Amino acid sequence: MLPQKSFMAKDCLLYESDFDVTACVKLHRIMELMQDLATTHADKLGCGWDDMDKHGLFWILSKVKIEFYKPVTRHSRRFTLYTWPQPSNRLFIERRFSAADGSGEEVFSASTIWMILNRDNRVFASQQSIEETYRCDFDTTPCTCSATFARLRRDESYTLAYQRHIRRTDLDINRHVNNTNYINYALDVLDENERVTAAEIVYHKELTLGDVISVYVKRDGNKVYVTGERDVTCFTVKLTVADN
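Model, not experiment: these values are computed from the prediction. Position numbers for residues start from 1 in each chain and track the written sequence from start to end. Local features in this predicted model are restricted to residues whose pLDDT is 70 or higher, and side-chain atom pairs enter the listing and the counts only when it is 80 or higher, whereas totals over whole chains, interfaces and linings include all residues. By convention in this description, side-chain values take in all heavy atoms of the structure and omit both hydrogens and water.

J.: I'd like to hear about the packing of aromatic side chains, residue by residue, with values.
T.: Stacked, tilted and edge-to-face are the three classes assigned to paired rings of Phe, Tyr and Trp, where Trp is represented by its six-membered ring and a pair needs centres within 6.5 Å; plane angles under 30 degrees give stacked, over 60 edge-to-face, the rest tilted. Per the counting criterion, the structure on display carries eleven aromatic pairs. Where Phe92 meets Phe124, the ring centres are 6.4 Å apart and the plane angle is 70°; that geometry is what we call edge-to-face. On the criterion of sequence distance, the pair formed by Phe92 in the loop between strand 3 (78-85) and strand 4 (93-100) and Phe124 in the loop between strand 5 (106-118) and helix 3 (127-133) is long-range, its members being 32 residues apart. In this structure Phe92 comes out as partly exposed when scored by relative accessible area, which is 34%. Comment: elements are numbered from the N terminus, with helices defined as DSSP H or I runs of at least four residues and strands as E runs of at least two. Buried, partly exposed and exposed residues are distinguished by accessible area as a fraction of the type maximum, computed with a 1.4 Å probe on protein chains only: under 20%, between the cut-offs, and over 50%, respectively.

This is the structure in structure tokens:
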């Protein structure tokens, strides 16, 4: 089911560089497309980055969950991506996504959870501030991908996979690691023939130039659990994989 109001759609075409070693689309690329479409839509609705900045507020992405219903390969590289936001639920705001191929079949869907913070003290914006800056004719069409997330905490069952130094090419315009890059740190624990069918990522702390993260992994059947840590946990990821 697709939204009927306050949504935005974009026809997407993937190129050779958008596919990984499994010949399926890079998860990083899907997240980039989602991020760009969400940014453009928020600008159109009057609650984009510049609009929020005028009120001393800014958006921060807290969680992302993506589910694929069939592989996106070089032979299925065209799809239409839809996005629509949800009303504020106290501190958190959900934005939904769905991608459909030329026949109208859903290829993947995603749920993202955002927060609005005060620019100066980086605390949650008041409900009044949110109501004044974030409003539209919301479409509550459900998303196939639910907005429930696993709660992960590393214990002795995790093993150290590798360590990584955060370098200049990891950073974005805000001078920290862009949210779309974190998923690559998690995917680097996989075998080359493993294809991701679902992913959940929760952002805990930002990473900046010079940070060194330790990436830990635990496996349970087709589930792969990943944490990235420096002195604190910076991100947690749950992957569902299949042999390609």
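J.: Help me get a handle on the sheet that holds strand 7 (residues 194-203), residues and values and all.
T.: Sheets are built from strands paired through backbone hydrogen bonds, the pairs being either parallel or antiparallel. Any two strands with at least two DSSP bridges between them are considered paired. Taken in spatial order, the ten strands make up an open sheet running 1-3-4-5-2-7-10-9-8-6, and their pairing is antiparallel. Lying at the two open borders of the sheet, with one neighbouring strand each, are strand 1 (8-13) and strand 6 (159-165). On average, adjacent strands in this sheet sit at an angle of 25° to one another, irrespective of strand direction. With seven bridges connecting them, strand 9 (residues 223-229) and strand 10 (residues 233-243) associate as antiparallel partners. Bridge pairing in strand 10 links Glu229 to Thr233. Under this scheme, a helix contributes an axis fitted over its contacting stretch, all axes are lines through C-alpha atoms, and angles between N-to-C directions fall in the 0 to 180 degree range.

J.: Explain empty space enclosed by the protein to me, using residue names and the numbers behind them.
T.: For cavity detection a 1 Å grid was placed over the protein atoms alone, and a set of points counts as a cavity when a 1.4 Å probe fits there but cannot get out; an open set counts as a pocket when protein lies on both sides within 12 Å along at least five of seven lines, with lining residues being those that have an atom within 4 Å of a point. Grid points are joined across faces, edges and corners, and a volume is the space filled by probe spheres set on the points. All chains considered together, the criterion is met by three cavities of 30 Å³ or more. For the largest cavity, the calculated volume is near 150 Å³. As for the largest cavity, its lining consists of 13 residues, of which Ala38, Ala42, Trp59, Arg95 and Trp114 are closest to the centre. Within the residue set of the lining of the largest cavity, elements represented by two or more residues are helix 1 (27-45) and strand 4. Under the convention adopted here, Pro, Cys and the residues Ala, Val, Leu, Ile, Met, Phe, Trp and Tyr are nonpolar, Asp, Glu, Lys and Arg are charged, and Gly plus all remaining residues are polar. Residues that form the lining of the largest cavity fall into these classes: nine nonpolar, two polar and two charged. In this structure, the second largest cavity encloses a volume near 70 Å³. Residue lining of the second largest cavity: Met31, Met34, Gln35, Leu61, Val64, Phe97, Thr112, Trp114 and Asn179, and that is the complete set. Broken down by secondary-structure element, the contributors of at least two residues to the lining of the second largest cavity are helix 1, strand 2 (57-68) and strand 5. Among the elements that take part in the lining of the second largest cavity, helix 1 stands out by supplying three residues, more than any other. Residue classes in the lining of the second largest cavity are distributed as six nonpolar, three polar and no charged.

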